[in-house]
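# Remarks on the overall topology
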Amino acid sequence: MTESHPSHHTLEAILLATLFAVAHTQAPLFFSNQNQYLLHGLSAAGVGELNHDWLANTADPTPAFSWLVANIYTVSGAVGLHAIFFLLLMVYFLSIRSFVQTLPGSPQTRSFRVAFAAIFTALHSALLRVVCVMACDVDYPWFFQSGLAGQYLLGPGLQPSCFGVLIVTGLALVAHGRPILGCATAAFSVAMHMTYALPAGSFVLFVMIFSIRQKQTRSAITAGVVSLLIVMPNFLYTWKTFSPTDPGTFQEATSILATIRIPHHCVVSRWLDAIAGLQILWIAFGLYQMRATKVFPILIAMTGLGVMLTLIQVVTADSTFALAFPWRVSVVLIPVCTAAVMAKLAALDRDRPAVTWLGAISLLLLATGGSILMLERRGYAMDDRELPLYQKIREKSQPDDLYLIPSRIPQVGKGRGVKSATFVTPKWNQIPANLQRFRLLGEHPIYVDFKSVPYRDIEVIEWHRRMKQCENWYDDWKRPGVREELKQAGITKVVTTANRPIYVPFLEQIHADELYLIYRVR
């Protein structure tokens, strides 16, 4: 039986979106990239002594996001940040659901909507991803939602890239015949994160072009102007803040970022493997399923532009161009194509009540599984043996303390470099020296670490200098002049792993636990 228009089913939509968000789960605070992207906001919120940290005082690449973090955290603490990500998960699902309703052949029935929700949620669910990892040690469902080069929309928790879901929202709005609102919504992703300039910009551009071809010139111009007004403040800020100091400095900095810090995102030969090839085929298959839709020309044009710019990057091997991520459009294309294919699968049902009940039970099981996995802390693994170190720092540190932690530039190998390890249980067979959470959990400044990096060219070069200097210190503490170098850098405390104690007269041990030692610079 065909039901009334889906817009009348607001409660159903909200319920399905909530189940999706619960089944997806999210990481505890200060996981992975959050240790970089939350720093400026938490510093502005007055957390600990973070306002004295060198990196917290470098140019902020995501000022709107940091403003949001600072205000939310001041009002509601960690709960508010989790709530924002939960809301973005719901927006993502509702946008996909709305887009699917515009696909030819999608039945307007409850059984179809529930069946699609169950299938789409399963591919994003923590439960299926954990089961897949247990079975074959690889998180294969991840590749049905993530883009090429290890980039993605959602990820494990709140960070600027999450706001890319607004491009999906914009696509759904355009599919429903609202190009102005759709372009404006997509533009907000750029306002939050400039790396969406290419995918969101190409989306707006092609919406304008195809609107003009359909004799909707006024609508096209309005969409372009509104989008430009939304992104202009961030464009002007970025241009003023991150423009080259000089050509040589800028080229050196972009090379450091592209080939040393994030080669897994920037070097095509690192990520263009068999999995990426299958994802590209998946995009082609998904686009074929959407060939009869009004947004098909827009998606094809975005895909073509992404391919062309990627080929240019392969030929030129230009580091600056690589940091524009020509392939980032894939973070929108892959989940949209997944939705289109799953909609075809769900449409095979002919409105049978049993399918509705099966879909509803599956959603409840996926949400329950996600809740249990979060309570049992399966996935998002972080070594809790670090916690005594952070507690000691919060309790005993002085306001002017600056910590040196063991950081090293990893060797760049071949292959993908980074796969999704969200639900892969790490093997704690060695004493780690990563300490990504040191700043935010210790609430005190550190000299440098590899995970978190600035983006202004002279600050990137300074980060690289600090990394090399840190390596030199940990390689040879007995080298003449080390104490003077530490004092000149303002370092008051040195952290090392328990299996690598330091025996020099100018370092006095003041803390020891299972993993780490802390020394005071005399």
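Now for a look at the structure at hand. Not measured: the values here are computed from a predicted model.

### Description of empty space enclosed by the protein
According to the stated counting rule, one finds 3 cavities of 30 Å³ or more in the structure shown. When its volume is computed, the largest cavity comes out at roughly 70 Å³. Taken together, Gln36, Tyr37, His40, Leu55, Thr58, Asp60, Pro61, Thr62, Ser66, Val453, Pro454 and Tyr455 make up the full set of residues lining the largest cavity. Looking at the second largest cavity, its volume works out to about 60 Å³. Forming the boundary of the second largest cavity are Leu198, Pro199, Ser202, Met302, Leu305, Gly306, Leu309, Pro326 and Val329. Of all the secondary-structure elements, those providing two or more residues to the lining of the second largest cavity are α10 (197-213) and α16 (296-316). Tallying contributions element by element places α16 first for the lining of the second largest cavity, with 4 residues. Partitioned by chemical class, the residues of the lining of the second largest cavity number 7 nonpolar, 2 polar and no charged.

### Structural notes on the sheet that holds strand β4 (residues 516-521)
Spatially, β1-β2-β4-β3 is the arrangement adopted by the 4 strands of the open sheet, whose pairing is mixed. Of all strands in the sheet, those bounded by a partner on one side alone are β1 (403-404) and β3 (507-512). Two elements, strand β2 (residues 493-497) and β4, share 5 bridges in a ladder whose sense is antiparallel. What sits directly across from threonine 496, in β4, is leucine 517. Across the face of the sheet, helix α20 (residues 387-396) comes into contact with β1, β2, β3 and β4 while running at roughly 30 degrees to β4.

### Focus on the layout of surface pockets
Take a probe with the size of a water molecule and roll it over the atoms, and the empty space left behind shows itself. Of the volumes computed, that of the second largest pocket is approximately 310 Å³. Leu148, Ile280, Gly306, Val307 and Thr310 are the residues nearest the centre of the second largest pocket, which is lined by 17 residues in total. For the lining of the second largest pocket, the secondary structure elements donating two or more residues are α14 (268-271), α15 (274-289), α16 and α18 (330-346). Among the elements that make up the lining of the second largest pocket, the one with the highest residue count is α16 (6 residues). Class assignment for the residues of the lining of the second largest pocket results in 13 nonpolar, 4 polar and no charged.

### Some words on the packing of helix α6 (residues 110-124) against helix α19 (residues 353-375)
Where α6 meets α19, the axes come as close as 8 Å, and the angle between the chain directions of the two elements is 30 degrees. Accordingly, the angle class assigned to the pair α6 and α19 is roughly parallel. You can see that α6 and α19 cross each other, and the crossing is left-handed. Touching Arg110, Ser111, Val114, Ala115, Ala117, Ala118, Thr121 and Ala122 of α6 are Val355, Thr356, Gly359, Ala360, Ser362, Leu363 and Leu366, all from α19.

### Section: the pattern of salt bridges
A side chain with one charge may pair with a side chain of the opposite charge, provided their charged atoms come close. Applying the stated criterion across every chain, the model contains 19 salt bridges. Across the pair arginine 439 and aspartate 449 runs a salt bridge whose closest N-O atoms are separated by 3.0 Å. Linking arginine 439 in helix α21 (residues 438-442) with aspartate 449 in the loop between α21 and α22 (457-475), this pair joins segments that are 10 residues apart in sequence. Since its relative accessible area comes to 4%, arginine 439 is described here as buried. Residue arginine 466 pairs with glutamate 462 through a salt bridge whose shortest N-O separation is 2.7 Å. Linking arginine 466 with glutamate 462, this pair stays in helix α22, spanning 4 residues, or about one helical turn.

### A closer look at the pairing of β3
Pairing between β3 and β4: 5 bridges, direction antiparallel. Bridging from a neighbouring strand, histidine 511 pairs with isoleucine 518 of β4. Here β3 hands over to β4 after 3 residues, the two strands then running antiparallel side by side.

### Quick word on the side chain of threonine 496
Along the chain, the position of threonine 496 falls in strand β2. Among the polar contacts listed, one links the side chain of threonine 496 to the backbone oxygen of arginine 500, at a separation of 3.0 Å. Ignoring any residue separated from it by four or fewer positions in sequence, one finds threonine 496 in contact with Pro406, Tyr474, Pro501, Ile502, Leu515, Tyr516, Leu517 and Tyr519.

### Notes on the environment of phenylalanine 99
Examined against the element boundaries, phenylalanine 99 turns out to sit in helix α5 (residues 78-100). In this structure the C-alpha to C-alpha distance between phenylalanine 99 and alanine 340, which are 241 residues apart in sequence, comes to 8.9 Å. Contacts of phenylalanine 99, omitting those with residues within four sequence positions, involve Leu171, Ala172, Ala175, Met290, Val295 and Val336.

### Notes on a nonpolar patch on the surface
A surface patch of nonpolar side chains, amounting to about 350 Å² of accessible area, comprises Leu228, Met232, Phe235 and Leu236. Relative to the helices and strands, phenylalanine 235 resides in helix α11 (residues 217-242). Judged by relative accessible area, which is 35%, phenylalanine 235 ranks as partly exposed.

### With respect to the packing of helix α9 (residues 179-192) against α10
At their nearest, the axes of α9 and α10 sit 8 Å apart, and the two run at 165 degrees to each other. By the criterion of interaxial angle, the relationship of α9 to α10 is roughly antiparallel. The two elements α9 and α10 meet at a crossing, and its hand is left-handed. Residue-level contacts link Pro179, Gly182, Cys183, Ala186, Ser189 and Val190 of α9 to Ala197, Ala200, Phe203, Val204, Val207 and Ser211 of α10. In terms of residue class, the contact of α9 with α10 is built from 9 nonpolar, 3 polar and no charged.

### Re the environment of cysteine 470
Within the secondary structure, cysteine 470 is located in helix α22. Judged by its relative accessible area of 0%, cysteine 470 is buried. Placed 449 residues apart in sequence, cysteine 470 and alanine 21 show a C-alpha to C-alpha distance of 41 Å. Those residues in contact with cysteine 470 that sit more than four places away from it in its chain are Leu404, Ile405, Ser407 and Val448.

### Regarding α10
Along its 17 residues, α10 runs 24 Å from first to last C-alpha, staying within 8% of the 24 Å computed at 1.5 Å per residue. Among the residues of α10, those classed as buried are Pro199, Ala200, Ser202, Phe203, Val204, Phe206, Val207, Phe210 and Ser211. Structurally, α10 contributes buried residues whose contacts are with α8 (165-175), α9, α11 and α16. Lysine 215 sits one or two positions beyond α10 and adopts a positive phi of about 65 degrees.

### Digging into the packing of aromatic side chains
The full count for this structure, using the stated rule, is 19 aromatic pairs. Each ring, one from tyrosine 474 and one from tryptophan 477, has its centre 5.0 Å from the other, and the planes form 75 degrees; the classification is edge-to-face. Comparing tyrosine 474 with tryptophan 477 shows no difference in burial state: the two are buried. Taken together, the ring pairs in this structure connect Phe20, Tyr92, Phe93, Phe112, Phe116 and Phe120 into an aromatic cluster. Between arginine 261 and the ring centre of phenylalanine 450, over which it is positioned, the NZ or CZ distance is 4.9 Å. For the cation-ring pair, arginine 466 lies above tryptophan 54, with the distance from its terminal atom to the ring centre recorded as 4.4 Å.

Cut-offs applied
- Residues numbered from 1 in each chain as written.
- Predicted model: local features only at pLDDT ≥ 70, side-chain atom pairs only at ≥ 80, totals over all residues.
- Heavy atoms only, no water.
- 1 Å grid on protein atoms, 1.4 Å probe; cavity = no way out; pocket = protein on both sides within 12 Å on 5 of 7 lines; lining within 4 Å.
- Points joined across faces, edges and corners; volume = space filled by probe spheres on them.
- Helix = DSSP H or I, 4+ residues; strand = E, 2+ residues; numbered from the N terminus.
- Nonpolar A, V, L, I, M, F, W, Y, C, P; charged D, E, K, R; others polar.
- Pairing = 2+ DSSP bridges.
- Contact = heavy atoms within 4.5 Å.
- Axes fitted to C-alpha atoms, helices over the stretch in contact; angles between N-to-C directions.
- Parallel < 35°, antiparallel > 145°, perpendicular 65-115°, else oblique.
- Left-handed = near helix turned anticlockwise from the far one by under 90°.
- Salt bridge = Lys/Arg side-chain N within 4 Å of Asp/Glu carboxyl O.
- Buried < 20%, exposed > 50% of the residue type's maximum accessible area, 1.4 Å probe, protein only.
- Polar contact = N/O pair within 3.5 Å; in protein donor to acceptor, adjacent residues only side chain to side chain.
- Patch = residues over 30% accessible without salt bridge, like charges linked within 9 Å, V, L, I, M, F, W, Y side chains within 5 Å.
- Areas by Shrake-Rupley, 256 points an atom, 1.4 Å probe, with all protein chains shown as cover.
- Expected span 1.5 Å × (residues − 1).
- Phe/Tyr/Trp six-rings, centres within 6.5 Å; stacked < 30°, edge-to-face > 60°.
- Lys NZ or Arg CZ within 6 Å of the ring centre and 35° of its normal.

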